[in-house]
Amino acid sequence: MAMIETDRLSRKFGDLTAVDSVSFNVERGEIFGLLGPNGAGKTTTINMLVTLLPPTSGTAKVNGFDIRAQPAKVRQSVGIVFQDPSLDTILTGRENLELHARLYSVPKAVWKKRIAELLALMDLEDRADNIVRHYSGGMRRRLELARGLLHRPAVLFLDEPTLGLDPQTRELTWRYIKAMAQQEQTTIVLTTHYMEEADNVCDRIGIIDHGKVIALDTPDNLERRLGGDLVCLKIKNPDLKVLERLSYVKNVEVKDGQVGLTVENAAVHLKEILSLFDNVEAVEVRTPTLNDVFLKYTGRAIREDDTDEGWAEAAWRYQAGGR
Ligand SMILES: Nc1ncnc2c1ncn2[C@@H]1O[C@H](COP(=O)(O)OP(=O)(O)O)[C@@H](O)[C@H]1O
Ligand SMILES: [Mg+2]
């Protein structure tokens, strides 16, 4: 059963089209990721789906209710963790959680157990009875997330839930969220610009850029669509004509003495490729990632500020840009 059905959902701010005719469905119990760079339209999409912002055209149904016609029903069906914390800073961490549980009528026996569980998960047990004003940014973030996971709505929206979290808490949080989707059939929509997380966590991913969903599929299928493994060769003055007769080489790009190849089944064919050149200085072979997918569709890396990429990655960035 589709828990979310968006139908040409659009939002303009003046001349800017922040969300541009977006249509997708999310099934019950599915973890659906919206992946895209800053400004892509992720938060705006979520804000419309939780009825905080009206669409300028198009509509959506959440839990079977129309966001325009039945906003109150939609609100009863959803939970949201905002990108920016919205905690009550004069209450303690525990009080924030208890207040939230009561607002959502979670039975006391259930919230007692769940609050203990979430405080432990987020490593906040020691500070649970201090007021939030004295929490660090990271602690507030973790408390916000704990609060979002406390009541179990039909659809839970998480806007950049792990932004600013340490790697360990990120990992634990994802495990908890996955278990929630599985055990309680909670439908989860999350936004992120961490590709690796989207890859590991999401059942399906919509890649969004400039307000448009430009690709939507399972992470595996998205990666497979690139047509092969990525082989990057460092060669001085390569004669690339020899590659033309190789039907398993799907694409060839060159930059700065680096040759980027898209190769079907590189494990099988690498030896033959290497045998065609006598001055290969370095070789890198890898399976495509969501970053490569993003590159293919947009010509840019998802995070232009990523600096930890290897030379092969730089070559592939060039490759996608050259199309
Ligand atoms: N309230 C607003 N007024 C004007 N422009 C906005 C508003 N909210 C978002 N935008 C613009 O809409 C675009 C999409 O923003 P947003 O949905 O926040 O992107 P993301 O969450 O993917 O980073 C951006 O260009 C942003 O500047
Ligand atoms: Mg955002």
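Residues numbered from 1 in each chain as written. Chains lettered and ligands numbered in written order. Predicted model: local features only at pLDDT ≥ 70, side-chain atom pairs only at ≥ 80, totals over all residues. Heavy atoms only, no water.

1. What about the environment of P288?
The line we're drawing: In this text, helices come from DSSP runs of H or I with a minimum length of four residues, and strands from runs of E with a minimum of two, each type numbered from the N-terminal end. Type-normalised accessible area, obtained with a 1.4 Å probe on protein chains alone, sets the label of each residue: buried when under 20%, exposed when over 50%, and partly exposed for intermediate values. Any pair of residues with heavy atoms lying within 4.5 Å of one another is described as a contacting pair.
One can find P288 in the loop between β15 (280–286) and α10 (290–298). You can call P288 buried: its relative accessible area is 10%. A sequence separation of 228 residues divides P288 from A60, and the C-alpha atoms of the two residues are 33 Å apart. If we ignore the near neighbours within four places in the chain, the residues touching P288 are E223, L226, G228, D229 and L230.

2. Considering the domain arrangement of the protein chain
Rule in force here: Marked domain ranges trace back to an automatic or database domain assignment. Any carboxyl oxygen of Asp or Glu that lies within 4 Å of a side-chain nitrogen of Lys or Arg is treated as forming a salt bridge with it.
Structurally, the protein chain comprises domain 1 (2–222) and domain 2 (226–321). Taken over C-alpha atoms, the centre of domain 1 sits 36 Å from the centre of domain 2. Every contact between the two is made by 17 residues of domain 1 and, on the other side, 10 residues of domain 2. Counting across the domain 1 and domain 2 interface gives zero salt bridges.

3. Some points on the environment of V254
With respect to the secondary-structure elements, V254 resides in strand β13 (residues 249–255). According to the relative accessible area criterion, V254 is partly exposed, its value standing at 35%. Along the backbone, V254 and P238 are 16 residues apart, and their C-alpha atoms lie at a distance of 9.3 Å.

4. Section: the site of ligand 1
To be explicit about the condition: Whether a residue is near a molecule or strand depends on its heavy atoms: if one lies within 4 Å, it is near. Under this definition, polar contacts are N or O atom pairs within 3.5 Å; protein pairs additionally need one hydrogen-donor-capable and one acceptor-capable atom, and for neighbouring residues in sequence, both atoms have to be side-chain atoms. Methods summary: accessible areas were calculated by the Shrake-Rupley approach with a probe of 1.4 Å, and residue burial reflects only the protein chains presented.
Around ligand 1 sit F13, L16, A18, P37, N38, G39, A40, G41, K42, T43 and T44, and that is every residue in its neighbourhood. Within the backbone of G39, one N or O atom sits 2.7 Å away from an oxygen atom of ligand 1. Protein burial of ligand 1: of its 560 Å² of free accessible surface, 58% is covered by the chains. Residue contributions to the shell around ligand 1 peak at three residues, all from helix α1 (residues 42–49).

5. Focus: unusual backbone geometry
In this structure, S105 is a non-glycine residue whose phi angle is positive, near 55°. Mapped onto the elements, S105 comes out in the loop between α3 (93–103) and α4 (108–121). Owing to a relative accessible area of 60%, S105 belongs among the exposed residues under this scheme. Its identity is not glycine, yet D123 carries a phi of approximately 55°, on the positive side. One can find D123 in the loop between α4 and α5 (137–148). According to the relative accessible area criterion, D123 is exposed, its value standing at 58%.

6. Brief notes about the pairing of strand β10 (residues 204–209)
Selection rule: In this description, strands pair whenever DSSP reports at least two bridges between them.
Burial analysis of β10 places five of its six residues in the buried class, the great majority of the element. One ladder, built from five bridges, connects β10 with strand β11 (residues 212–217); its direction is antiparallel. Across the sheet, residue I207 finds its bridge partner in β11, namely A215. Between β10 and β11, which follow one another and run antiparallel, lie two residues, and H210 among them has a positive phi close to 45°.

7. What to know about the layout of surface pockets
Empty space among the atoms becomes apparent when a probe as large as a water molecule is rolled across them. Put simply, the test is: Using a 1 Å grid laid over the protein atoms alone, points where a 1.4 Å probe fits but cannot get out form a cavity; open sets with protein on both sides within 12 Å along at least 5 of 7 lines form a pocket; any residue with an atom within 4 Å of a point counts as lining. Grid points are joined across faces, edges and corners, and a volume is the space filled by probe spheres set on the points. Just so you know the grouping, Ala, Val, Leu, Ile, Met, Phe, Trp, Tyr, Cys and Pro go in nonpolar, Asp, Glu, Lys and Arg go in charged, and all remaining residues, Gly too, go in polar.
Counted as a void, the second largest pocket has a volume near 380 Å³. Lining the second largest pocket we find 19 residues, and of these I80, F82, H100, Y104 and R147 sit closest to its centre. Breaking the lining of the second largest pocket down by element, the ones donating at least two residues are β7 (78–81), α3 and α5. The element contributing the most residues to the lining of the second largest pocket is α3, with four residues. Here the lining of the second largest pocket is composed, by residue class, of nine nonpolar, six polar and four charged.

8. A look at the packing of α3 against α5
Filter applied, for reference: Each axis is a line fitted through C-alpha atoms, and for a helix only the stretch in contact is used; angles between axes span 0 to 180 degrees, taken between their N-to-C directions. Orientation labels follow simple angle bins: below 35 degrees gives roughly parallel, above 145 gives roughly antiparallel, 65 to 115 gives roughly perpendicular, and whatever is left gives oblique. Handedness of each helix crossing follows the sense of rotation of the near helix against the far helix: counterclockwise by less than a right angle gives left-handed, clockwise gives right-handed.
Where α3 meets α5, the axes come as close as 9 Å, and the angle between the chain directions of the two elements is 25°. In terms of orientation, α3 lies roughly parallel with respect to α5. In terms of crossing hand, the pair formed by α3 and α5 is right-handed. Facing α3, whose interface residues are G93, N96, L97 and H100, α5 presents L143, A146 and R147. Looking at side-chain class alone, the contact of α3 with α5 contains three nonpolar, three polar and one charged residues.

9. Topic: the pattern of salt bridges
Summed over all chains, the structure comprises 15 salt bridges. Between D129 and R94 there is a salt bridge whose closest N-O contact spans 2.9 Å. Of the two residues, D129 sits in the loop between α4 and α5 while R94 sits in helix α3, which places them 35 residues apart along the sequence. In the salt-bridge network here, residues are joined through shared partners; they are E284, R286 and D292.

10. Here's the deal with the packing of aromatic side chains
Formally: Centre distance within 6.5 Å is the pairing criterion for rings of Phe, Tyr and Trp, where only the six-membered ring of Trp is used; planes under 30 degrees apart are then read as stacked, over 60 as edge-to-face, and the remainder as tilted. In this analysis the charged atom, NZ for Lys or CZ for Arg, is taken to sit over a ring once it is within 6 Å of the ring centre and within 35 degrees of the ring normal.
For the structure shown, the criterion picks out one aromatic pair. An angle of 15° between the planes, with centres 4.8 Å apart, marks the rings of F24 and F32 as stacked. Residue F24 shares its accessibility class with F32, and that shared class is buried. If you follow R170 out to its NZ or CZ, it ends over the ring of Y194, 4.0 Å from the centre. K296 extends its terminal NZ or CZ atom over the ring of Y297, reaching a point 5.8 Å from the ring centre.

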